[in-house]
Amino acid sequence: MPDSEDILTLGVESSCDETAAAVLRGGRTLLSNVISTQIPVHRKFGGVVPEIASRRHIVNVMPVIDEALREAGVVLEDIRQVAVTYGPGLVGALLVGVSAAKALAFARNIPLIGVNHLEGHIFANFLSHEELEPPFMALVVSGGHTALIRVQGYNHFTLMGQTRDDAAGEAFDKVARVMGLPYPGGPEIDKLAAQGDADAIDFPRALREKGNYEFSFSGLKSAVLNYLNEMKMKRAEIDKANVAASFQKAVIEVLVQKSLEALSEEGMKTLVLAGGVAANSALEGRLREAAEAHDIRFYYPSKILCTDNAAMIACRGYYQSQAGIFSDLSLNAVPGLSLTDVKA
Ligand code: KG4
Ligand code: ZN
């Protein structure tokens, strides 16, 4: 048996519109990270079309796994375990990765590890930061989720609060869509906001009471839509950069404030950012400033590991395997797998 630091884990991810596979040595040495994105396919529809996503995953999953093995310079026989996202996500999309991983585990007679996608996002940070270890506070901001999670150990998570309605990334995507920007809207708003005045429009910030770690972005989204409609009715000119910057500031302010409060409440000194929205340059900048001002260590993943990838799934899978948390071949996709299902 290889030493655990030499174990090769194959990660597979297909929860939304990225088909991805990665090979990891031990817990933190990434040998390959292959991502086949479907963004150009879904862009013409303004968002992800689940049926198309599933079909694309079926076509892509084995070539992507082959490519990950090739890039890592290994063969399937070298892989000791397979980690796969089983939720949350689109059911048809998840099923493709789960079925492929089950087939490989069965054929090779190696362990299968079902991974929660949100836990995976957090673990992307272990790949970018050799020295990072729990405990820390994690802010997970993606297209499907916005949550503050206390990470006490590699397999010990407590949900502090999450969004009541839209996720932060979802709000970015929806606001971008009404402004006529292409999917996914997050990076587009990010770029546009850099040219705008963030104080131009005073959009609302929800649930700001101290000690409340829940988020709500649907009111903010509606406020932006109302503003745009009102301006159109008045035939007034809309400065899209100002709208993007003011909207983005409203999202970021709430994320920063709640993260700082959660850290202080729990007496923690380390903040970890994760999820697709972590790629937002202004969010990262504001969190870094706030962390410096409050003597907090701040970590975020490299850009390629912020959005969906299989490296983070392999990493999460490795740490589960170290704790003996495996799945059997009855593993199924759980589209609504929530943070409350996270092992405590
Ligand atoms: O984590 P992810 O790849 O998929 C989910 O698990 O949801 O996150 C995708 C989300 C999308 O909503 C996308 O618009 C957003 O992350 N995103 C960004 C940026 N890059 C991606 N949002 C704001 N600024 C960005 N630079
Ligand atoms: Zn994700």
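Our structure is the block above this text.
Owing to the predicted nature of the structure, the values given are computational and were not obtained by experimental measurement.

## Side note on the sheet that holds strand β2 (residues 18-25)
- Taken together, the five strands give an open sheet; going across it, the order is β3-β2-β1-β4-β5, and neighbouring strands pair in mixed fashion. Since the sheet does not close on itself, it has two edges, and those belong to β3 (29-37) and β5 (112-116), each with one partner. Between one strand and the next, the sheet's axes are offset by a mean angle of 20 degrees, whatever the strand orientation.
- Pairing of β2 with β3 involves eight bridges; the strand directions are antiparallel. If you follow A22 over to β3, its bridge partner there is N33.
- The sheet contacts of helix α2 (residues 50-72) involve β1 (8-13), β2 and β3, and relative to β2 the element is tilted by about 25 degrees.
- Lying on the sheet, helix α11 (residues 311-322) is in contact with β1, β2, β3, β4 (81-87) and β5; it crosses β5 at an angle near 115 degrees.

## Quick look at the site of ligand 1
- Near ligand 1 lie 19 residues; those nearest to it are H121, G143, D173, D190 and G276.
- Backbone polar atom of G169 to an oxygen atom of ligand 1: 3.2 Å apart, as the coordinates give it.
- Within the contact set of ligand 1, an oxygen atom lies 3.0 Å away from a backbone nitrogen or oxygen of G186.
- For ligand 1, whose unbound accessible area comes to 550 Å², protein coverage reaches 89%.
- Contributions of two or more residues to the shell around ligand 1 are made by α4 (117-128), α5 (168-178) and α6 (185-193).

## Thoughts on the packing of aromatic side chains
- Throughout the structure, instances matching the rule amount to 13 aromatic pairs.
- Grouping aromatic residues by their ring pairs yields a cluster made of F123, F126, F136, Y154, F157, Y318 and Y319.
- The aromatic ring of F215 is capped on one face by K258, whose charged end is 5.7 Å from the ring centroid.

## Observations concerning a negative patch on the surface
- A cluster of acidic residues, D3, E5, D6, E130 and E131, forms a negative patch at the surface.
- Here D3 is to be found in the segment before β1.

Conventions adopted
Residues numbered from 1 in each chain as written. Chains lettered and ligands numbered in written order. Predicted model: local features only at pLDDT ≥ 70, side-chain atom pairs only at ≥ 80, totals over all residues. Heavy atoms only, no water. Pairing = 2+ DSSP bridges. Helix = DSSP H or I, 4+ residues; strand = E, 2+ residues; numbered from the N terminus. Axes fitted to C-alpha atoms, helices over the stretch in contact; angles between N-to-C directions. Contact = heavy atoms within 4.5 Å. Near = heavy atom within 4 Å. Polar contact = N/O pair within 3.5 Å; in protein donor to acceptor, adjacent residues only side chain to side chain. Areas by Shrake-Rupley, 256 points an atom, 1.4 Å probe, with all protein chains shown as cover. Phe/Tyr/Trp six-rings, centres within 6.5 Å; stacked < 30°, edge-to-face > 60°. Lys NZ or Arg CZ within 6 Å of the ring centre and 35° of its normal. Patch = residues over 30% accessible without salt bridge, like charges linked within 9 Å, V, L, I, M, F, W, Y side chains within 5 Å. Salt bridge = Lys/Arg side-chain N within 4 Å of Asp/Glu carboxyl O. Lys, Arg positive; Asp, Glu negative; His and termini not counted. Charge placed at Lys NZ, Arg CZ, Asp CG, Glu CD.

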